Amino acid sequence: MKHAYTWGAIAVVVLASTTGDILLARAMKQVGDVGELWRRTCLWTVASRILRTPSFPLGVVMMAVGFYSLLFALSWADVSLVGPASASLTFVANAAAARFFLHERVDHRRWTAALFVAAGVALLAG
Amino acid sequence: MTFRKYLVLGGITLFAALGDSLLSHGMKEVGSISLNHWSSVLTAVFNPWVALGIVFLLFFFVSYTTALSWADLTYVLPASSLGYVLLAVIARFWLHEQITPMRWFGILLISSGVGFVTQGPALTPQAQHSPTAGFKESEPALPGARQ
């Protein structure tokens, strides 16, 4: 039963983290290069622009869901399983989701990178 | 890519590795949390190691969102994954843990993945880059935003 809870929590971590990443990436692209904006305006203006972007708070909420699921999973299983399993699956899920929802050009170079990193993370747990 | 941008990617790597390590250490002290007592996961944040881990993860979040403002998600994630290698190196040379050949191979794969992605462009060309496609805009574009 504990095993099922662990993998259930890992699935929630992957889903919530991917959704959060996509929403945050979309929000930050709408805001623009934070470094350039900061040079032209003040920190408060940059922060308020980020916070006024609707997908930013939604992304933060999804990241929080992923974070608490990770805490649950870490209390049930070793970090050597939970960390790499959730991270490697999130890499692959993000590559697919970014191509579909953000229309990023995920070419063979980026797919190879995502798969190499996901496989490497999984091997580190071995 | 400027030096400042590489520094931001380095910040993501370092803060995530430190935050995760501290969080893991803290949760081991807190102990197993049952679904019947799920609210104890909220009080776990008062454990000093978990609290310190959260501080480092906040630094990670600032670096991460900054990077997402000028680079694709599919660039930022692999490019900042050297944190796993950093953790393994800390385990080998500071904690004197044994790293098996399989783990060294994992490190090689991650490093190769980072090498692959950083050779390419950080951002999808703007003509084909439309993060808002498929979504209904509720407010006008912000000045300085990419369109």
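Given the structure is predicted, the values throughout are model-derived calculations rather than measurements.

## Here we look at the overall build of chain A
At step 1: Counting its regular elements, chain A contains six helices and zero strands.
At step 2: Starting at the N terminus and ending at the C terminus, chain A contains elements arranged as α-α-α-α-α-α.
At step 3: When the backbone C-alpha atoms are referred to their principal axes, chain A occupies close to 50 × 35 × 25 Å.
At step 4: The buried share among the 126 residues of chain A stands at 56%.

## Focus: the overall build of chain B
At step 1: Helix and strand counts for chain B come out as six helices and zero strands.
At step 2: Counted from the first residue to the last, chain B has its helices and strands arranged as α-α-α-α-α-α.
At step 3: Looking at chain B as a whole, 35% of its 147 residues are labelled buried.
At step 4: Look at the contacts in chain B between residues 6 or more apart in sequence, and 73% of them connect residues 24 or more apart.

## Let's talk about the nonpolar core
At step 1: Ranked by internal contacts, the top residues of the largest apolar core, which has 75 residues, are Ala-73 and Val-117 of chain A together with Ile-12, Ala-67, Leu-68, Val-76 and Ile-110 of chain B.
At step 2: With 12 residues, helix 1 (residues 2–31) of chain A is the single largest residue contributor to this core.
At step 3: Aside from chain neighbours lying at most four places away, what touches Ala-73 of chain A is Thr-6, Ala-9, Ile-10, Val-13 and Val-82 of chain A.

## As for the interface of chain A and chain B
At step 1: If you look at the interface, chain A gives 46 residues, while chain B gives 47 residues.
At step 2: For the side of chain A that touches chain B, the elements supplying multiple residues, two or more each, are helix 1, helix 2 (34–40), helix 4 (55–76), helix 5 (79–101) and helix 6 (108–124) of chain A.
At step 3: Tallied by class, residues from the side of chain A that touches chain B come to 26 nonpolar, 10 polar and 10 charged.

## Considerations on the environment of Ser-111 of chain B
Residue and element names in this part refer to chain B.
At step 1: Among the secondary structure elements, Ser-111 is positioned in helix 6 (residues 101–119).
At step 2: For Ser-111, a count of 17 C-beta atoms within 10 Å gives the class partly exposed.
At step 3: Taking the C-alpha atoms as reference points, Ser-111 and Ala-79, separated by 32 residues in sequence, lie 9.2 Å from one another.

## Examining helix 6 of chain B
At step 1: Taking 1.5 Å per residue as the helical rise, helix 6 of chain B with its 19 residues ought to reach 27 Å, and the 27 Å between its terminal C-alpha atoms agrees with that figure.
At step 2: Every buried residue belonging to helix 6 of chain B is among Gly-106, Ile-107, Leu-109, Ile-110, Gly-113, Val-114, Phe-116 and Val-117 of chain B, and all of these are buried.

## What about the packing of helix 1 (residues 3–30) of chain B against helix 3 (residues 48–68) of chain B?
All names here are of chain B.
At step 1: Packing of helix 1 against helix 3 brings their axes to within 7 Å, and their N-to-C directions diverge by 155°. It follows from the interaxial angle that helix 1 and helix 3 lie roughly antiparallel. Crossing of helix 1 over helix 3 shows left-handed handedness.
At step 2: Its residues placed into classes, the contact of helix 1 with helix 3 shows 18 nonpolar, seven polar and one charged.

## Here's the deal with unusual backbone geometry
At step 1: One non-glycine residue, His-103 of chain A, lies in the positive phi region at around 55°.
At step 2: Topologically, His-103 of chain A is positioned in the loop between helix 5 and helix 6.

## Remarks on the packing of helix 6 of chain A against helix 6 of chain B
At step 1: Two numbers describe how helix 6 of chain A lies on helix 6 of chain B: the axes approach to 7 Å, and their chain directions differ by 160°. Here helix 6 of chain A is positioned roughly antiparallel relative to helix 6 of chain B, judged by the angle of their axes. Here helix 6 of chain A and helix 6 of chain B pass one another in a crossing that is left-handed. Of helix 6 of chain B, the residues touching helix 6 of chain A (which contributes Arg-109, Arg-110, Thr-112, Ala-113, Phe-116, Val-117, Ala-119, Gly-120, Val-121, Leu-123 and Leu-124 of chain A) are Met-102, Arg-103, Phe-105, Gly-106, Ile-107, Leu-109, Ile-110, Ser-112, Gly-113, Phe-116 and Val-117 of chain B.
At step 2: The residue makeup of the contact of helix 6 of chain A with helix 6 of chain B, split by class, is 14 nonpolar, five polar and three charged.

## Some words on the environment of Gln-98 of chain B
At step 1: Along the polypeptide, Gln-98 of chain B turns up in the loop between helix 5 (82–93) and helix 6.
At step 2: In this structure, the C-alpha to C-alpha distance between Gln-98 of chain B and Tyr-84 of chain B, residues 14 residues apart in sequence, is 16 Å.

## A few points about the environment of Ala-119 of chain A
Residues and elements named next belong to chain A.
At step 1: Take Ala-119: it is sitting in helix 6.
At step 2: Looking at Ala-119, the number of C-beta atoms within 10 Å reads 19, which means it is partly exposed.
At step 3: Between the C-alpha atom of Ala-119 and that of Ser-88, which follows or precedes it by 31 residues, the distance is 6.9 Å.

## Some details on helix 1 of chain B
At step 1: Here helix 1 of chain B spans 40 Å end to end across 28 residues, near enough to the 40 Å set by a 1.5 Å rise per residue.
At step 2: Residue Gly-31 of chain B follows helix 1 of chain B closely and has a positive phi angle near 90°.

## Examining the confidence of the model for chain B
As a general rule, the predicted coordinates of low-pLDDT regions are not to be interpreted in detail.
Residues and elements named next belong to chain B.
At step 1: When pLDDT is averaged along chain B, the result is 76; 78% of the residues meet or exceed 70.
At step 2: Element-level pLDDT for chain B is lowest in helix 2 (residues 40–43), with a mean of 72, against a maximum mean of 91 in helix 3.
At step 3: Per-residue pLDDT stays below 50 along residues 127–147; that stretch engages in 29 contacts with residues further than four places along the chain or on separate chains.
At step 4: Predicted as a complex, the structure gets a pTM of 0.76 and an ipTM equal to 0.83.

Parameters and conventions
- Residues numbered from 1 in each chain as written.
- Chains lettered and ligands numbered in written order.
- Predicted model: local features only at pLDDT ≥ 70, side-chain atom pairs only at ≥ 80, totals over all residues.
- Helix = DSSP H or I, 4+ residues; strand = E, 2+ residues; numbered from the N terminus.
- Buried ≥ 20, exposed ≤ 12 C-beta atoms within 10 Å, placed from the backbone.
- Contact = placed C-beta atoms within 7 Å.
- Core = buried A, V, L, I, M, F, W, Y, C linked by C-beta atoms within 7 Å.
- Nonpolar A, V, L, I, M, F, W, Y, C, P; charged D, E, K, R; others polar.
- Expected span 1.5 Å × (residues − 1).
- Axes fitted to C-alpha atoms, helices over the stretch in contact; angles between N-to-C directions.
- Parallel < 35°, antiparallel > 145°, perpendicular 65-115°, else oblique.
- Left-handed = near helix turned anticlockwise from the far one by under 90°.
- pLDDT = per-residue confidence, 0-100.

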